[in-house]
There are 2 protein chains.
Amino acid sequence: MDTVSTSKAHGGVQGVYRHASTATGTDMTFAVFVPEHETGAKLPVVWYLSGLTCTHANVMDKGEYRRACAELGLILVAPDTSPRGEGVPDDPDGAYDAGLGAGFYVDATRAPFAKNYRMWSYVTEELPALIAAGFPADRARQSVMGHSMGGHGALTIGLTYPDRYRAVSAFAPIGAPSQVPWGHKALAMYLGEDRAIWRKHDAVALIEDGARVEELFVDQGMADNFLAEQLRPELLEAACAKAGIGLTLRRQPGYDHSYNFISTFMEDHLRWHAARLG
Amino acid sequence: MDTVSTSKAHGGVQGVYRHASTATGTDMTFAVFVPEHETGAKLPVVWYLSGLTCTHANVMDKGEYRRACAELGLILVAPDTSPRGEGVPDDPDGAYDAGLGAGFYVDATRAPFAKNYRMWSYVTEELPALIAAGFPADRARQSVMGHSMGGHGALTIGLTYPDRYRAVSAFAPIGAPSQVPWGHKALAMYLGEDRAIWRKHDAVALIEDGARVEELFVDQGMADNFLAEQLRPELLEAACAKAGIGLTLRRQPGYDHSYNFISTFMEDHLRWHAARLG
């Protein structure tokens, strides 16, 4: 693991690191904030999964998480959203919503994506091991949050591993990718046309198929351009109600899909996570 | 004035606007955050002047000022750092420290810069009038802060118009540009070689020549790469001590020159401004 940069912030260290990933077969870059802490202490880890087009840098620059993480003693890890580099295949049309910057947190099974697009394994297995080895991280206390495509990632990962992630929250998540255009395109490209396979990468389908967590926390801006067509929080709401999952869904009037929305409510999410991470 | 974008943030509105500037003879873009407020209210205005290479966007993205501005009821305005556009002359070598992104908050008198590089008039006259006309701003309650080159701008503007700006603070300012390489280059390029003329654009020289404010607030990171050669806070410290200006200079161990430093202490500065803006 190479250190790309470190910089003191809110008493802690905001770092950017790079390593050769076994999962993706590429170099991967990620950001980690470690708050000030006592020598030898092990801190809980919040995973932040980013949305379409993002790298590790978007939330690092615009997410406004460091002050609250410093106060609450939380490490925050921000991975990239896809493999990158020479030879990594992109969307055939170079579109923003599949391929580079749009890994959708799945392990692709279709050519030419299967070789590198293994973001599920990367985010749930390889990077957690690296973080546990290289940072003062308590692997027994992890939680996951994300935005949009990363909200989809957070929900599906949290629902798949309820014992591993003690809290799961999302900003404007794609809660039912099988039922919206972004998901149709990306899941078909990475996993093929058999929709039964998609269900493991669709929060609503996972819940319908029996996946359970005690509670979920979701913020959704009501001036979000993607609300009606791509995000459809009512589908997650109905699935949680039917399954008895305690969903706190806050519809936030006037907020859009940007980091102005995320940064406004980031502190609420981090406090919610901290309360569950002990 | 055209609205480039608006987005709800921390209950208020983060906007980006563009207008044809008389001062610079170019289009100019700036950012304004207006917190939630009662209809008809007039709010105090904090001016944030950015450093070398920046546009309005750097502090807007990375400054983490909105939460505190929303709580304290402060408008924050972030201008660009130079004229831009076709025909605007740049540094002959395309360097980062003069020309585009490096207006140094002076009215240039030397060709070819004199026509467009009139950032002093733009920031102290034209843009305040535009803000007063277009936003719920109380022109009687203004203050100014800035970073690096923008710290130089904030100090020189605040010292020149002590009745107009009720509070003046800076992050890692170029406090004595006449005595450091960045200032030598830019002031010579914009104002010529006569150093007597530079003194009006040098905070330490202004104080030596009798300019007075009651107090100044400066944060300086001690791991700042530019500290010893370009920033030299000890020169401002000595000038303030001699002149009886109450300078609070905080040397912050471990902090660098980046927005990780600025965002860490932004709230302290805004609270200091708010207390003096009434």
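Quantities reported herein were computed from a predicted structural model and do not represent experimental measurements.

(A) Geometry of the interface of chain B and chain A. Listed by partner, the interface residues are 22 residues for chain B and 22 residues for chain A. Both faces considered, chain B and chain A share a buried interface measuring about 1,800 Å² in area, 38% of it formed by carbon and sulfur atoms. Its largest share of buried area at the contact with chain A, chain B owes to Lys8, Glu64 and Asn260 of chain B, together 34% of the area lost on that side. In this structure, the connection of chain B to chain A is made through two salt bridges.

(B) A look at the nonpolar core. Ranked by size, the top nonpolar core spans 95 residues in total, and within it Tyr190 and Leu270 of chain B carry the most contacts. Considering every element that reaches this core, the biggest residue donor is helix 10 (residues 259-277) of chain B, with eight residues. Among the nonpolar cores identified, the runner-up in size contains 94 residues, and Ala68, Phe135, Leu159 and Val213 of chain A belong to it.

(C) Layout of the relation of the copies chain B and chain A. Each copy of the sequence occupies a distinct position, and chain B is placed on chain A by a rotation of 180° and an axial shift of 0.0 Å, giving an RMSD of 0.0 Å. The superposition of one copy onto the other is thereby described by a two-fold rotation axis. Looking at chain B, 100% of its interface residues are interface residues in chain A too, so the copies touch through the same face.

(D) Structural detail: empty space enclosed by the protein. Tallied over the entire structure, the rule returns three cavities of 30 Å³ or more. Estimates place the volume of the largest cavity at around 150 Å³. In terms of lining residues, the largest cavity is bounded by His10, Glu64, Arg67, Ser263, Met266 and Glu267 of chain A together with His10, Glu64, Arg67, Ala68, Ser263 and Glu267 of chain B. If you list the elements that add at least two residues to the lining of the largest cavity, you get helix 10 (259-277) of chain A together with helix 2 (66-72) and helix 10 of chain B. Sort the elements by how many residues they give to the lining of the largest cavity and helix 10 of chain A lands first, with three residues. Within the lining of the largest cavity, the residues separate by chemical class into two nonpolar, four polar and six charged.

(E) Structural context of the packing of aromatic side chains. One pass over the structure, following the stated rule, counts 28 aromatic pairs over all chains. Seen in terms of ring centroids, tryptophan 120 of chain B and tyrosine 161 of chain B are 6.0 Å apart; in terms of plane orientation they differ by 35°. Their pairing is tilted. With a gap of 41 residues between them, tryptophan 120 of chain B in helix 3 (residues 119-134) and tyrosine 161 of chain B in the loop between helix 4 (149-160) and strand 7 (165-171) connect regions that are remote in the sequence. In this structure tryptophan 120 of chain B comes out as buried when scored by relative accessible area, which is 11%. Considering the side-chain rings of tyrosine 255 of chain B and phenylalanine 261 of chain B, the 6.2 Å spacing of their centres and the 50° angle between planes classify their relative orientation as tilted. A relative accessible area of 5% means that tyrosine 255 of chain B is categorised as buried. On the basis of relative accessibility, which here comes to 0%, the residue phenylalanine 261 of chain B falls in the buried class. These aromatic residues form a ring-pair network of at least three members: Phe171, Tyr255, Phe261 and Phe265 of chain A.

What counts as what
- Residues numbered from 1 in each chain as written.
- Chains lettered and ligands numbered in written order.
- Predicted model: local features only at pLDDT ≥ 70, side-chain atom pairs only at ≥ 80, totals over all residues.
- Heavy atoms only, no water.
- Contact = heavy atoms within 4.5 Å.
- Buried area = accessible area lost by both parts, 1.4 Å probe.
- Salt bridge = Lys/Arg side-chain N within 4 Å of Asp/Glu carboxyl O.
- Core = buried A, V, L, I, M, F, W, Y, C linked by side-chain atoms within 4.5 Å.
- Buried < 20%, exposed > 50% of the residue type's maximum accessible area, 1.4 Å probe, protein only.
- Helix = DSSP H or I, 4+ residues; strand = E, 2+ residues; numbered from the N terminus.
- Least-squares fit on C-alpha atoms with pLDDT ≥ 70 in both.
- 1 Å grid on protein atoms, 1.4 Å probe; cavity = no way out; pocket = protein on both sides within 12 Å on 5 of 7 lines; lining within 4 Å.
- Points joined across faces, edges and corners; volume = space filled by probe spheres on them.
- Nonpolar A, V, L, I, M, F, W, Y, C, P; charged D, E, K, R; others polar.
- Phe/Tyr/Trp six-rings, centres within 6.5 Å; stacked < 30°, edge-to-face > 60°.

Keep in mind these numbers describe shape, not what the thing actually does.
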